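The chain contents come next:
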Amino acid sequence: MNIRSVKLACFSPTGTSRAINQAIGEGLEIDNVEVIDATQLNSRQTALQASNDELLVLAMPVYSGRLPVVAEKWLQTISLKDTPTVCVVVYGNREYDDALLELQDIVKQRGGLPVACAAFIGEHSFSADNTPIAVARPDANDLQQAKAFGHKVQGIMESFLPEVGIEVPVPGNRPYKELGKGAPVDFIDVSEVCTRCGICASVCPVEAINKKTPSTYDMANCIRCCACIKACPEQARSMKEGVMMDVAKRLNSMCQERKEPVTFFPA
Ligand SMILES: Cc1cc2nc3c(=O)[nH]c(=O)nc-3n(C[C@H](O)[C@H](O)[C@H](O)COP(=O)(O)O)c2cc1C
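Computed from a predicted model, the values in this text were never measured in an experiment.

*Asks:* So what's going on with the sheet that holds strand β10 (residues 262-264)? Residues and values would help.
*Replies:* Taken together, the 6 strands give an open sheet; going across it, the order is β2-β1-β4-β6-β7-β10, and neighbouring strands pair in mixed fashion. Both edges of this open sheet fall to β2 (33-37) and β10, since each of them pairs with a single strand only. Recorded for the sheet is a direction-independent mean angle of 15° between the axes of neighbouring strands. The sheet contacts of helix α1 (residues 16-28) involve β1 (5-10), β2, β4 (54-61), β6 (83-91) and β7 (112-121), and relative to β4 the element is tilted by about 155°. Packing of helix α4 (residues 140-158) onto the sheet brings it into contact with β4, β6, β7 and β10, and relative to β7 it is tilted by some 165°.

What follows is the structure, given as structure tokens:
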């Protein structure tokens, strides 16, 4: 099958899904590449469209074993026309549960044809100096594997026959894991070293932080992605002691054993 161009799309508050997507793109060795970053609220106002002579690569983080709700809402707006699609989830070394299955299901509902799937590992959003979890992943080895995956997909595309109803066998269950209610939690501490530079507000994917008053945030809207904590150039933002910190501590003790990327292809 002749692929005219590649669309690399992601939602990636802390950048690990973006890094994996980029490495897959390098492995594909197709010149015409468009990057679609749906992390920021305004970028999710535009619905992604792709046709049958384009290859789409979608990389999404795993939140509570599922896709992040805001990313899922955006995915439900995309419009594909028998578009060969690669589904990728990136998770923080705990588990990806039903997220990859959910992503593949949405792709099929939106008119895409899954050609390959993968799960990669990224530093956990809740990882910090006192609760390290999968620190600095994806590392060079992960990125090499992502590139090799892209290369393999390119090989598959040469003999790919568009076939409606195609399914790549991936782990996961339907109905998917139920999501908790996610009651608002005040978990971010802002110290006096904050300079009000506004970087935290500019990286927030749901615009829950006001640039002028970055020490407060809209807790009900916050998706707990921790992008603001990781992006702060002064390290003024951190996780408070409390329920979220308890989760981070638990993950830190339970998820130390290194997991490796996995890839899936049509049966
Ligand atoms: C609210 C929330 C829930 C998460 N749930 C999971 C999970 O169920 N399993 C897991 O291994 N990692 C989980 N993570 C970690 C992210 O999947 C991981 O850090 C990922 O690399 C973040 O992607 P990004 O850098 O593209 O934002 C969660 C992160 C957040 C913010």
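*Asks:* Before we move on, could you go through the nonpolar core and cite the residues and values that matter?
*Replies:* Core analysis: the biggest nonpolar cluster contains 59 residues, and Leu-58, Met-60, Trp-74, Leu-75, Val-89 and Phe-187 have the highest contact counts within it. Taken together, the elements giving at least two residues each to this core come down to β4, α2 (69-75), β6, α3 (99-109), β7, α5 (199-203), α6 (227-231) and α7 (243-254). The biggest single contributor to this core is α3, with 6 residues. Counting contributing residues, this core receives three or more from each of domain 1 (5-175 + 258-264) and domain 2 (188-239). The residues contacting Trp-74, other than those within four sequence positions of it, are Ala-9, Ile-36, Ala-38, Ser-43, Arg-44, Thr-46, Leu-48, Leu-58 and Met-60. One finds Leu-8, Leu-28, Val-90 and Phe-265 within the second-largest nonpolar core, a separate group that totals 27 residues.

Scoring rules and cut-offs
Residues numbered from 1 in each chain as written. Predicted model: local features only at pLDDT ≥ 70, side-chain atom pairs only at ≥ 80, totals over all residues. Heavy atoms only, no water. Pairing = 2+ DSSP bridges. Helix = DSSP H or I, 4+ residues; strand = E, 2+ residues; numbered from the N terminus. Axes fitted to C-alpha atoms, helices over the stretch in contact; angles between N-to-C directions. Contact = heavy atoms within 4.5 Å. Core = buried A, V, L, I, M, F, W, Y, C linked by side-chain atoms within 4.5 Å. Buried < 20%, exposed > 50% of the residue type's maximum accessible area, 1.4 Å probe, protein only. Domains from an automatic or database assignment.

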